[in-house]
Structure formats: C-alpha cells, structure tokens
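A closer look at the structure
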Amino acid sequence: MSQISFGPVDNQKSKKSLLRTLPYTAVQITAGFWAYTQAINREVSLAHGFSMLEKAGNFKNLRIAAGNDTGEFAGYWFADSDVYKWLEAMAWELGRAPDAALQAMGDEAIALVEQAQEANGYLDSYFQIVKPDERWTDLAHGHELYCAGHLIQAAVAYKRALGDERLLNVALKLVEHIDDLFGANGRSETCGHPEIEMALVELYRVTGDARHLELAQLFVDRRGQNKMRGHAGYGSVYLQDHVPVREADEVAGHAVRQLYLTTGVTDLYMESGEQALLDAINTLWADMTARKLYVTGGIGSRFDGEAFGSPYELPSDTGYCETCAAIASLMWNWRLLLITSERRYADLFERTLYNGVLSSPGLDGACYLYVNPLHVRNGRYVRASADTGTGEEMMRPAWHNCACCPPNVMRIFSSLSHYLATASESGVQIHQYATAQLDVTVQEEPVQLAMETAYPWQGQVTLTVNATPSSSWALSLRVPEWCRQYDVTLNGAAISAQLGDNGYLTLTRSWQVGDVLQLDLHLEPMFIAPHPRIDALRGCVALQRGPLVYAFESQDQADGVYLEDVQVLTDEALGETATSTSSVQATSTSSRQATSTSSVQAISLPTDSIAIQVAGQTIPATWGNALYLPFDQQPQTKAQPVTLTAVPYFVWGNRGMKSMRVWVPQGTKRSNS
C-alpha cells in the first residue's frame, strides 16, 4: 500500500485528470478567515460532536452491538454513519497537528467500532441490535452499504493522515463480506442511498485492489432498474433508481443521494475513462446549474423528499437546501475540476462553501442548521432541522435527531486545505484563496509559496516565491466569474496577463526566490437578478459582494421597518446612503475582521464582518383586513425612504432567528407626498 499521505482524493494514478491533488500536508492554512474557522472546528466542534454522539446514543449503540452494554437502540437506523463522519473529521484534524485530547476521543471511538464488528466482517449496530435476522434484506432503505461507505472514508482518512490502519482493517474486513454477497457472482442489488461508490473508489486508490473498483462499478451499473421505492410513496426517482446512470438527463429525487451518486460516478470516470459516464455527469451538472441551483449554491428545493424540484422551482421560504447536499456539491465539483481544470467548477465550489455550507454552523461552532432557507418570517416555523420546527423563536440546534450534517461540516473544515491548490506537470494551480503556506513538487523539484490575503473581505492575494526550480514553470490563479475587474503585479510592476479559456491567469517563467505576484480582485457590491422563469423570485433582486451572498436581517433595520414591506432601489448607487461608521462599528479584532470603505462598513456581529447599506423604501400595508382586492381598488400607499442593511448570509441567525430574506422586491422610487 502507498505510504504517501494524501487528502480525501488521491488521483495520482487516475487515467482522467488534468490536475493532481497535493500531499495532505503540502498546504497549511495559517491565518485569516479560514484559519479562524478551522480553529473553531478544532477547539470546539470536534469535542462538541463527541459529546453529542455520546448523548444521542450513537456510541452506546456500538457498545450494545459489541456486547459491552445493554439497552435499546437509539436514533435513526443509520446512526453509525454519524460516528464515521466524525471520525473522518478527527483524522484530518489530527493530520494537521497532533492533540492528545482529540486523539483520545478518536481512539475511544475506534475501539468501539473494532469491538462491534462481527467475526464475518458484518458491522451495522442497528441490524445487530434490532433486526439481526433481517440483515441485507432491505437495501432500498436499510442504509447498510451507506454506513459502510462512511466507515471506508474514515478508514482512508486515518490511513492517509496518520498512518493508522486500525479502521482500515475493519473496513477491509467489512468490504470482503460485502463483496462476497454483492460482487460479480453475488446478488445483483445496490444501495438506496448512494455513498459507498465514491468510498470504494478511494479505497481502491489506497489498496490498489481492483476488486474494490469493480464493486463500485457494479453498484453504479445496477442502478436504474426501477425496482426500489422511496419511503412515503416517493417512488424510484427518490433513490435514483428510475433510470440507468448513463441515460439520466436531469438531477432528480433526494438531493444528497443524487450528488453522492454523481460524485461516485465521476470518481469512476477518473479511473476508467468511460466516455458515457462523463457525458452523463456533464448533462446532470448542466441541468443542476442552469435550472435547479440556489444563489447560495444550495440544492434541493422541496422539503417533501429533501428533493430537487422541477426546473426553476426555487422558492426562498420553503426551499430545503440541506447542508449535506451542499457538501456533496463540493465533493462533486472538486472532482470535476480535477478532471477538466475549468474555473466553473471551482467557482461553484466557492459559492457553495461560503454560502451553502458556512451558513450551517453557528459562529460558536456548537450548533448547526440542517436546512438553509433564504427567507424566514418572524422567526416562526424555522426549518432548522429535518422536522418542521416548533414555531418558537430559536437559535441553531446544538444537534439533530437526524445528525448527518454536523459531522459532515466538521470533516470538510478539517480537510479544507486539500481543496485550495493542485499541481500538474507544468506547474501549480491556486483554486481557493486563503492565507497559507504551500510546499509543492514541480518537475521533481520543490516549490514553496506563501499566500497572504484578507479574502473574502478584501480581494488582494499576494504570493511570494520562497523556493523554486531553476527551470520555468507555470503558476495559475483563478479569476472568479463574479470579478469584473482585476489587476496583476509582479514585483511591484503592473503586468498584462491574459485570462485563459479555462478562467485562470497563468504566468509561465523562470521564477526567482523572492518574486512577489499580486492579484487584486476588485470587490464591489452588486445586485443579482433571477431568471425570469423563477416564479418565486420574479421582481426581486439579491445582493452579492465577492463570493458572499448577503441577507437582510430584521435586527439590522431601523425600528418600525418590516422586511415584508421593503423594496430596494437598484437605480441608486450602493453605499450612497450608507450609515456612518459611528453608528455601525466592529466590536473586536479577530481574524475575520474587515477594513471599512465608503460603501461597506464593519458591523457589530458575533464575528467581524462587512455590512452593506442599500437605498430602499418601505411600503406599509394599508389593506386593512383584506387579503385580496379588485385590481382597480388597490389603496395608493405612500412610500417612505429607508436605508437597509445587509450582512453576509452565513452569519444570519446568530443573534436569534427573527426575519431574514436574501431576495427582496425591486422598487421604483416613489414620491411620499
């Protein structure tokens, strides 16, 4: 087995990849926005997860399965998967830097997993405790293969990040058992919840055992037989069993299942080079991004079935946007980027990371949203979890009865450095911006880069060359699609750099130690318009600055201003009616702090942030008790000018959940006389 330490994806030997992932410790995030986020994840979230898994009974389930405890099974039948995702997060975090307390937590959980596994390799505490005679009888809903997939990913993480093979030994024994049952000469079935496919491909990349790749291929090829049925009468589309993978022409059904499947299919293409698989995933990506994607990068518009809706069905208030679905999108787009080197995949990764994923955890790192709506009224019926809410004003829940999302967030944050940069035969590519140290090998010689930035608050990105080969090599920087203007300097002198067809600036030269390359992405607030076919958003606009989508929260508006009554005036320049810095002030100097300008100001929030002031107007409701009126009897309402304040969407709900909206009606300035 390979002893080289890589991160979640190791495509060094894959047939179809233009870009190669870097060794896991090659990129170290050292300061700034994402270092702060990773510190919260390390210092708060992982221990919080350990405590919650104990409190919810996940660990006890494993003790009971091992015969070391008594009692009833707790939680959903796939509860083991939450332990495995948390363990994966732990592995990547300990791979960044050791920590005795975290190590002890991980060791305790690994011991439980080892003890719960049976002699034949079987491991699933629900079926071991509750339905021992019904193992492998309900692949559509049982989640046994789904849980196995997350175990495999945790095992890969411990092996790569720490050289620890304890979980790998458990996973290999379980996979051997699965292969005996479902291999080429076994039962022709697949799992109702895709996940194991991508895990098996990654296991193959660790072991080199072709059986693991072949099993992943079998599970993909067996989909689309229209045999499985989703619960509550959802039908086979819920499970992506309605059409064979190579014939699918739209993303459909349960959003997490769909994108875990496309991620696994993309992994298979990277290894096999089968053109039909690439054609299929390209078709599905085009459908998702052109017709079924929220401006935050969120996916899944229907609470019913946690599912994709019809084209342009993107309601703000009842949209689901499950956190796990956003994370699945990160995984899929990362692999598509590796295959193609095209900016659009890194752009969607960025949009989803900063908005669709970062909106889930509270700023304290100890509470999470399961779903991420874009419109909330008066803090009532907030769908913060998989249920419909209690109707009470609330904060993010500390945990969930279906707790798939919190440990999923933890494993992404722990491994975030994996997604910043890649290498190829020609050089180094920077995809996401953070203050970091990069230690890469190009042409079998070391390249060391220091990246400094205040991104996403400011757009300057500075790269200093600290080690370089004597021969020329290429350094590529992504220019995001939202950026309308940028400047590039080399050693202080402006240079002309042409944007490549793939959306990256590439400079090929004989670099010298001490060279300083600076990319200045101009960050300007701008209004975003929706496609006219999105009925729920017609006549509305959203606000974006750089990669951040903004939201209007009632806490930031003047007394008596109700978000249900406001309109924004897009014909007035952003910031011209901004409040002064004396009334909107930052309260701390943490690493998320941003520098104020004339049109964007620091605002008092649980974390330093940038707020945007927007000219608007409020049109109070004067309809009395009438809900509908004849068109020609509408009251003539007087508009009152108002300055509206927007904050980054990811910080919403940290001061109590009141009213919030991303999309606001566009108004025309009216006279108030």
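Residues numbered from 1 in each chain as written. Predicted model: local features only at pLDDT ≥ 70, side-chain atom pairs only at ≥ 80, totals over all residues. Heavy atoms only, no water.

A short note on the overall build of the protein chain
Keep this limit in mind: The secondary structure listing takes helices from DSSP runs of H or I that are at least 4 residues long and strands from runs of E that are at least 2 residues long, numbered from the N terminus. With C-alpha atoms as the basis for the radius of gyration, the globule rule is written as 2.2 Å multiplied by the number of residues raised to the power 0.38. What makes two residues a contact is simply this: any of their non-hydrogen atoms within 4.5 Å. When charges are counted, Lys and Arg are positive and Asp and Glu negative, with His and the chain ends excluded. To locate a charge, take NZ of a lysine, CZ of an arginine, CG of an aspartate or CD of a glutamate.
A tally of helices and strands in the protein chain yields 14 helices and 21 strands. Relative to the 2.2 N^0.38 estimate, which gives 26 Å for 673 residues, the radius of gyration of the protein chain is 25 Å and therefore close to what a compact globule would have. Projected onto its principal axes, the C-alpha coordinates of the protein chain cover approximately 80 × 70 × 50 Å. Across the protein chain, the fraction of contacts at a sequence separation of at least 24, relative to all contacts at a separation of at least 6, is 70%. Averaging the positions of the 50 positive and the 74 negative side-chain charges in the protein chain gives two centres separated by 3 Å.

Describing the packing of helix α1 (residues 33–56) against helix α3 (residues 80–96)
Note the following rule: Angles shown run from 0 to 180 degrees and are taken between the N-to-C directions of axes, each axis being a line fitted to C-alpha atoms and, for helices, limited to the stretch in contact. The hand of a helix crossing depends on one turn: near helix anticlockwise from the far one by less than a right angle means left-handed, and clockwise means right-handed. Ten residue types, Ala, Val, Leu, Ile, Met, Phe, Trp, Tyr, Cys and Pro, are classed as nonpolar, four, Asp, Glu, Lys and Arg, as charged, and the remainder, Gly among them, as polar.
Remark: α1 packs on α3, axes separated minimally by 11 Å, with the N-to-C direction vectors making an angle of 145 degrees. Two packed elements cross with a definite hand, and for α1 against α3 that hand is left-handed. Of α3, the residues touching α1 (which contributes Q38, N41, R42, L46, G49, F50 and L53) are D82, V83, W86, A89, M90, E93 and R96. Considering only residue class, the contact of α1 with α3 consists of seven nonpolar, three polar and four charged.

A closer look at the environment of T468
Applied cut-off: In protein, a polar contact requires one atom able to donate a hydrogen and another able to accept it; more generally it is a pair of N or O atoms within 3.5 Å, and residues adjacent in sequence count only if both atoms are side-chain atoms.
Position of T468 relative to the elements: it lies in the loop between β7 (460–467) and β8 (473–478). Between the alpha carbons of T468 and E445 there is a distance of 7.4 Å; along the sequence they are 23 residues apart. Within polar-contact distance, the side chain of T468 engages the side chain of W473 at 2.7 Å.

Regarding the packing of aromatic side chains
What counts is decided by this rule: Two aromatic rings from Phe, Tyr or Trp, using only the six-membered ring of Trp, form a pair when their centres are within 6.5 Å; if the ring planes differ by under 30 degrees the pair is stacked, by over 60 it is edge-to-face, and anything between is tilted. The buried label goes to any residue with under 20% of its type's maximum accessible area, the exposed label to any with over 50%, and the partly exposed label to all in between, with areas taken from a 1.4 Å probe on protein chains only.
For the coordinates displayed, the defined rule picks out 29 aromatic pairs. When the ring of F33 is compared with that of Y354, the centres are 5.8 Å apart and the planes differ by 40 degrees; the resulting orientation is tilted. Pair noted here: F33 is in helix α1 and Y354 is in helix α13 (residues 343–357), with a separation of 321 residues, a long-range link. Each member of the pair, F33 together with Y354, is buried.

Notes on the nonpolar core
Inclusion rule: Each nonpolar core is a collection of buried residues, namely Ala, Val, Leu, Ile, Met, Phe, Trp, Tyr and Cys, held together in the definition by side-chain atoms within 4.5 Å.
If you look at the biggest cluster of nonpolar residues, it comprises 213 residues, and the most contacted ones within it are W34, W86, L87, I178, I430 and V662. With 13 residues, the top contributor of residues to this core is helix α12 (residues 323–340). Contacts of I178, omitting those with residues within four sequence positions, involve W136, L145, A148, G183, I196, L215 and F219.

What to know about the pattern of salt bridges
Put simply, the rule is: Here, a salt bridge means any Lys or Arg side-chain nitrogen found within 4 Å of an Asp or Glu carboxyl oxygen.
One pass over the structure, following the stated rule, counts 34 salt bridges. R211 is the salt-bridge partner of E176, the closest N and O atoms lying 3.2 Å from each other. Highlighted residues: E176 in helix α7 (residues 166–182) and R211 in helix α9 (residues 210–221), separated in sequence by 35 residues. Assessed through its relative accessible area of 36%, R211 is described here as partly exposed. One salt bridge connects E350 with R478, and the closest N-O pair in it is separated by 2.8 Å. Highlighted residues: E350 in helix α13 and R478 in strand β8, separated in sequence by 128 residues. Accessibility classification places E350 together with R478 in one group, the buried group. In the salt-bridge network here, residues are joined through shared partners; they are R160, E202, R205, D267, E271 and R335.

Focus on the pairing of strand β6 (residues 445–453)
Heads up, the rule is: Here, strands pair whenever DSSP counts at least two bridges between them.
As paired strands, strand β5 (residues 435–442) and β6 are joined by seven bridges and run antiparallel to one another. Considered in β6, the bridge of V442 is made with E445. In this antiparallel pair of consecutive strands, β5 and β6, the connection spans two residues, and Q443 shows a positive phi of 55 degrees. Across six bridges, the pairing between β6 and β7 is antiparallel. Its bridge partner lying in β7, T453 is registered against V461. Hairpin geometry of β6 and β7 is characterised by an intervening segment of six residues between the two adjacent antiparallel strands.

Observations concerning the sheet that holds strand β4 (residues 427–430)
Taken in spatial order, the four strands line up as β3-β4-β8-β11 in an open sheet, and their pairing is mixed. Since the sheet does not close on itself, it has two edges, and those belong to β3 (421–423) and β11 (504–509), each with one partner. Adjacent strand axes in the sheet meet at a mean angle of 15 degrees when their direction is disregarded. For β8 and β11, the ladder comprises six bridges, and the chain directions are antiparallel. When the bridges of β11 are listed, L477 appears paired with L505.

Regarding α3
Just so we agree on the cut-off: Here, expected helix span is obtained from the residue count minus one, scaled by 1.5 Å.
Between its first and last C-alpha, α3 extends 25 Å over 17 residues, near the 24 Å set by a 1.5 Å rise per residue. When you tally the buried positions in α3, you get 16 out of 17 residues, the bulk of the element.

Focus: the sheet that holds strand β12 (residues 516–521)
Ordered in space as β1-β5-β6-β7-β12-β9-β10, the seven strands form an open sheet in which the pairing is antiparallel. Two strands in the sheet have a free side with no partner beyond their single neighbour: β1 (27–31) and β10 (493–494). Here two bridges tie strand β9 (residues 486–490) to β10, and the two strands are oriented antiparallel to one another. Residue pairing for β10: T489 is matched across the bridge by A494.

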